[in-house]
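Residue strings, one per chain:
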Amino acid sequence: MEIKEAAYDKIYAVYLNLMRESLNLDKYWKIDPDKAIELEKSHDKEIQVYSYILSLIEKDNKYLFIFRLKRWDLPKGKLDMGEGPEEAGIRECEEECGITQLTIIKTLDPTYHIYAYKGRYELKKTYWYAMSTKHEGLLVPQLEENIERVEWFSKEQIQKEVLSNSYPAILCVIQHLI
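In this text, all values refer to a predicted model and were calculated from it rather than measured experimentally.

Caption draft 1: Highlighting the packing of aromatic side chains. Within this structure, the stated rule accounts for three aromatic pairs. Centre to centre, the rings of Phe-65 and Phe-153 are 5.9 Å apart; their planes meet at 75 degrees, and the pair counts as edge-to-face. With a gap of 88 residues between them, Phe-65 in strand E4 (residues 62-68) and Phe-153 in strand E9 (residues 147-154) connect regions that are remote in the sequence. This pair shows no difference in class: Phe-65 is buried, exactly as Phe-153 is. Through a chain of ring-to-ring contacts, the aromatic side chains of Phe-65, Phe-67, Trp-72 and Phe-153 assemble into a single cluster. When the ring centre of Tyr-167 is taken as reference, the NZ or CZ atom of Arg-71 above it lies at 4.9 Å.

Caption draft 2: Expanded view of the pattern of salt bridges. If you walk through the whole model with that rule in mind, you get seven salt bridges. When the shortest N-O distance is used, the salt bridge between Arg-91 and Asp-80 registers 3.5 Å. Taken together, the residues span a long stretch of sequence, with Arg-91 in helix H3 (residues 85-97) and Asp-80 in the loop between strand E6 (76-78) and H3 at a distance of eleven residues. Among the residues examined, Arg-91 registers a relative accessible area of 15% and is labelled buried. Relative accessible area serves as the criterion here: at 42%, Asp-80 is assigned to the partly exposed category. A salt bridge links Arg-91 to Glu-92; its shortest N-O distance comes to 3.0 Å. Take Glu-92: its relative accessible area is 9%, and that puts it in the buried class. Put simply, Asp-80, Glu-83, Arg-91, Glu-92 and Glu-95 are held in one network by salt bridges that share partners.

Caption draft 3: Representation of the nonpolar core within the structure. Core analysis: the largest hydrophobic core is formed by 15 residues, its most contacted members being Phe-65, Leu-74 and Ile-158. Of all the secondary-structure elements, those providing two or more residues to this core are strand E3 (47-59), E4, helix H4 (155-162) and helix H5 (168-177). Counting residues in hydrophobic clusters, the runner-up holds 14 residues, among them Ile-66, Ala-88, Tyr-129 and Val-150.

Caption draft 4: Structural view of the environment of Cys-97. Counting through the fold element by element, Cys-97 comes out in helix H3. Counting along the chain gives 45 residues from Cys-97 to Gln-142, while the straight-line C-alpha distance between them is 6.4 Å. Non-local contacts of Cys-97, meaning those with residues more than four positions away in its chain, are made with Leu-64, Ile-66, Pro-75, Leu-139, Val-140 and Val-150.

Caption draft 5: Inspection of the side chain of Lys-59 at higher detail. Within the secondary structure, Lys-59 sits in strand E3. If we skip the residues at most four places from it in the chain, Lys-59 touches Thr-133, Lys-134, His-135, Glu-136 and Trp-152.

Caption draft 6: Representation of the confidence of the model for the chain. Summarising the model, the chain shows a mean pLDDT of 77, and 70% of its residues fall at 70 or more. Element-level pLDDT for the chain is lowest in strand E1 (residues 19-20), with a mean of 32, against a maximum mean of 97 in E9. Note on residues 1-29: pLDDT is under 50 here. Beyond four places in sequence and across chains, it has 50 contacts.

About the cut-offs
- Residues numbered from 1 in each chain as written.
- Predicted model: local features only at pLDDT ≥ 70, side-chain atom pairs only at ≥ 80, totals over all residues.
- Heavy atoms only, no water.
- Phe/Tyr/Trp six-rings, centres within 6.5 Å; stacked < 30°, edge-to-face > 60°.
- Helix = DSSP H or I, 4+ residues; strand = E, 2+ residues; numbered from the N terminus.
- Buried < 20%, exposed > 50% of the residue type's maximum accessible area, 1.4 Å probe, protein only.
- Lys NZ or Arg CZ within 6 Å of the ring centre and 35° of its normal.
- Salt bridge = Lys/Arg side-chain N within 4 Å of Asp/Glu carboxyl O.
- Core = buried A, V, L, I, M, F, W, Y, C linked by side-chain atoms within 4.5 Å.
- Contact = heavy atoms within 4.5 Å.
- pLDDT = per-residue confidence, 0-100.

Laid out in structure tokens, this is it:
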């Protein structure tokens with residue numbers, strides 16, 4: 001199924017100020033939040049809207065990362081039906097990392113990205129949280145989500161080991177928080 005020209009034209013008209021940001025620049029764009037909210041409320045059937053959360057967890061001046069699909073990433077996931085973003089953020093971290101005692105310490109502005117997927121466009125709204133924890137136990141990667149490792153990194157280690165093998169959106173957030 002090809003992406004319909006009309007859908008592309010609608011998106012292009014609404015998002016004249018798209019900034020491309022990704023390794024695959026032709027399929028993934030960061031978009032202006034005001035324009036994204038306008039599209040999100042339009043109920044356009046050719047555009048599916050998904051909400052995600054991403055969390056940066058700190059403990060003792062170290063930050064938690066997951067290794068998934070050959071890249072370092074932050075714990076993340078989709079909101080379940082009827083679930084709020086903060087609740088989803090904590091749940092996803094617990095599931096993906098086997099971590100407990102999480103506290104949200106800072107909420108960042110959501111970001112919006114749009115990309116072509118399976119013959120249509122998807123709008124991805126991402127809620128970002130900075131969290132802390134008092135967790136003392138082992139970290140357990142959620143293997144069924146292809147998470148191979150869960151590790152703590154100092155700021156210096158992040159600069160040397162993580163940033164060169166992560167995603168562009170993660171880099172932007174880490175630079176603001178760390």
